[in-house]
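# Observations on the three-dimensional arrangement
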Amino acid sequence: MQTPRLRIAIQKKGRLSKESQNLLKQCGVKFNMVGERLVVHAENMPIDLLLVRDDDIPGLIMDGVVDLGVIGENELEEVGLERIARNEPADYKKLRRLDFGGCRLSIAIDKDARYSGPQDLQGKRIATTYPQLVKRYMDERGVKFSTCMLNGSVEVAPRAGLADAICDLVSTGATLEANGLKEVEVILRSKAALIQAQIPMSAEKQALIDRLLTRMQGVIQAKESKYIMLHAPTDRLDQIKQLLPGAEDPTVMPLSQDRTKVAIHLVSSENLFWETMEQLKELGASSILVLPIEKMME
Ligand code: ATP
Ligand code: MG
């Protein structure tokens, strides 16, 4: 019998699309994005990719129409609250947070306005694409306000006289600054996440999901890790080990000729900074190499 294909929804075009595609590719899913197709079949696994607007991904998961999705937590939580308010299914399983799509959802006001806390927003109008998240934040603080729903150009709303404040996604803050605004409250810190529908899965599908997840863990862990190699004077081994991040139990090997030195190899969950490399050199270490790791499985 043919295994039913696993359906994964990812953003078609936008801030999450490239990295969602890369992640799947690094997990060994082979596919070819051509043209304007909505569905792309993977060539080497029973997986179909559904390319949609990010707004649609939470609903597709919560309605059980697709099995997996990659989505920003901001969008996921907003849609979840909206569906709960409408009495629609809002269940999902978060399999893991991913290492991209980082941003914060923040309230910003005129850069010259005084601000001492959320109560200063009492009775104000806030322009946003995330009315549910703003409402949850303000309700928790007992602040009454009104919203102005905008799906784009939120940051110009105060200048255009549409609102007193905005609540929008921020990464560097440059857009806010360019519009004469200052960030005063962070209401959510968001990243992309891999989510699964809360529907019964066949054993084959679940096994495929588990495999993908293990690979994803390996890819993300590898990105955050380095392989470090160096030669160290045998009599300074202890001092050198203390400088190396995460070097509880490195591999130490003799060199074929020089008995005064040993080779140290280790996988570190941190990068080795220039300053540390310079200190290692001062202690007599040489041939210091820091290499990226492509994949890992523990
Ligand atoms: P779509 O056409 O798919 O609806 P969109 O315009 O709603 O796209 P994008 O701007 O592509 O969405 O952003 C997608 C997600 O990327 C956001 O929901 C958020 O999770 C994340 N993100 C990361 N950094 C930022 C940022 N600086 N501004 C906006 N979104 C960001
Ligand atoms: Mg969108």
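Residues numbered from 1 in each chain as written. Chains lettered and ligands numbered in written order. Predicted model: local features only at pLDDT ≥ 70, side-chain atom pairs only at ≥ 80, totals over all residues. Heavy atoms only, no water.

Under an unreviewed UniProt entry, the name given to the protein is ATP phosphoribosyltransferase, and the organism recorded is Photobacterium damselae.

### Observations regarding the packing of aromatic side chains
Taken as a whole and judged by the stated rule, the model has zero aromatic pairs. Across the ring face of Tyr137, the terminal group of Arg141 is positioned such that the distance to the ring centre comes to 3.6 Å. (Phe/Tyr/Trp six-rings, centres within 6.5 Å; stacked < 30°, edge-to-face > 60°. Lys NZ or Arg CZ within 6 Å of the ring centre and 35° of its normal.)

### Overview of the site of ligand 1
Ligand 1 sits among 15 residues. The nearest are Arg15, Arg53, Asp55, Asn74 and Ser171. Arg15 places a polar main-chain atom, nitrogen or oxygen, 2.7 Å from an oxygen atom of ligand 1. Separating an oxygen atom of ligand 1 from a side-chain N or O atom of Arg53 is a distance of 2.8 Å. Contact with the protein chains removes 78% of the 630 Å² of surface that ligand 1 exposes when unbound. (Near = heavy atom within 4 Å. Polar contact = N/O pair within 3.5 Å; in protein donor to acceptor, adjacent residues only side chain to side chain. Areas by Shrake-Rupley, 256 points an atom, 1.4 Å probe, with all protein chains shown as cover.)

### Some thoughts on the sheet that holds strand E15 (residues 286-292)
As summarised here, the arrangement of the four strands in space is E13-E14-E12-E15, forming an open sheet in which the pairing is antiparallel. Because the sheet does not close on itself, it has two edges, and the strands there are strand E13 (251-254) and E15. The sheet shows a mean angle of 15° between the axes of neighbouring strands, taken without regard to direction. (Pairing = 2+ DSSP bridges. Helix = DSSP H or I, 4+ residues; strand = E, 2+ residues; numbered from the N terminus. Axes fitted to C-alpha atoms, helices over the stretch in contact; angles between N-to-C directions.)

### What about the coordination of the magnesium ion (ligand 2)?
The coordination sphere of the magnesium ion (ligand 2), as far as protein atoms go, consists of Asp54 (OD) and Asp55 (OD), spread over 2.0 to 2.1 Å. The class for Asp54 is buried, based on a relative accessible area of 18%. For Asp55, a relative accessible area of 32% translates into the label partly exposed. (Donors = N, O, S within 2.8 Å, 3.2 Å for Na, K, Ca; no water. Buried < 20%, exposed > 50% of the residue type's maximum accessible area, 1.4 Å probe, protein only.)

### Concerning the sheet that holds strand E7 (residues 125-128)
Spatially, E8-E7-E9-E6-E10 is the arrangement adopted by the five strands of the open sheet, whose pairing is mixed. With partners counted over all chains shown, the strands left at the sheet margins are strand E8 (146-149) and strand E10 (181-190), one partner each. On average, each strand axis in the sheet is tilted by 30° relative to the strand beside it, whichever way the strands run. Contacts between helix H4 (residues 131-140) and the sheet are confined to strand E6 (103-110), E7, E8, strand E9 (165-170) and E10, with E10 contributing the most and set at about 95° to the helix. (Contact = heavy atoms within 4.5 Å.)

### Considerations on the nonpolar core
With 29 residues, the main nonpolar core has Ile8, Ile47 and Leu98 as its most contacted residues. Contributions of two or more residues to this core are made by strand E1 (6-11), helix H1 (17-26), strand E3 (47-52), strand E4 (68-72), strand E11 (192-196) and helix H6 (203-223). Top contributing element to this core by residue count: H6, with seven residues. Of all hydrophobic cores here, the second largest spans 16 residues; its members include Leu105, Met138, Cys167 and Leu188. (Core = buried A, V, L, I, M, F, W, Y, C linked by side-chain atoms within 4.5 Å.)

### A look at helix H8 (residues 274-282)
When we look at burial in H8, the residues that qualify are Thr276, Met277 and Leu280. Buried residues of H8, seen end-on, are gathered within an arc of 100° and therefore sit on one face of the element. Those residues of H8 that are exposed and angled more than 90 degrees off the buried face are Trp274, Glu275, Lys281 and Glu282. The inward-facing, buried residues of H8 contact strand E12 (226-233), helix H7 (237-243) and E15. Gly284 lies just past H8 and shows a positive phi near 100°. (Arc of directions from axis to C-beta.)

### Observations regarding unusual backbone geometry
A positive phi angle, near 50°, is found at Ser153, a position not held by glycine. As for its placement among the helices and strands, Ser153 is situated in the loop between E8 and E9. Residue classification places Ser153 among the partly exposed residues on the basis of a relative accessible area of 47%. The residue Ser287 is not glycine, and still its phi comes out positive at about 45°. One can find Ser287 in strand E15.

### Examining helix H3 (residues 73-85)
Over its 13 residues, H3 extends 18 Å from the first C-alpha to the last, a length consistent with the 18 Å expected when each residue adds 1.5 Å. Three or more residues of H3 are buried, namely Glu73, Asn74, Glu75, Leu76, Glu78, Val79, Gly80 and Arg83. Two residues or fewer past H3, Asn87 is found with a positive phi of approximately 65°. (Expected span 1.5 Å × (residues − 1).)

### Focus on the pairing of E9
Summarising burial for E9: five of the six residues are buried, a large majority. When E6 meets E9, the two strands line up antiparallel, connected through six bridges. Looking at E9, one finds that Leu105 is bridged to Leu169. Where E7 lies against E9, three bridges are found, and the strand directions are parallel. Bridge pairing in E9 links Thr128 to Cys167.

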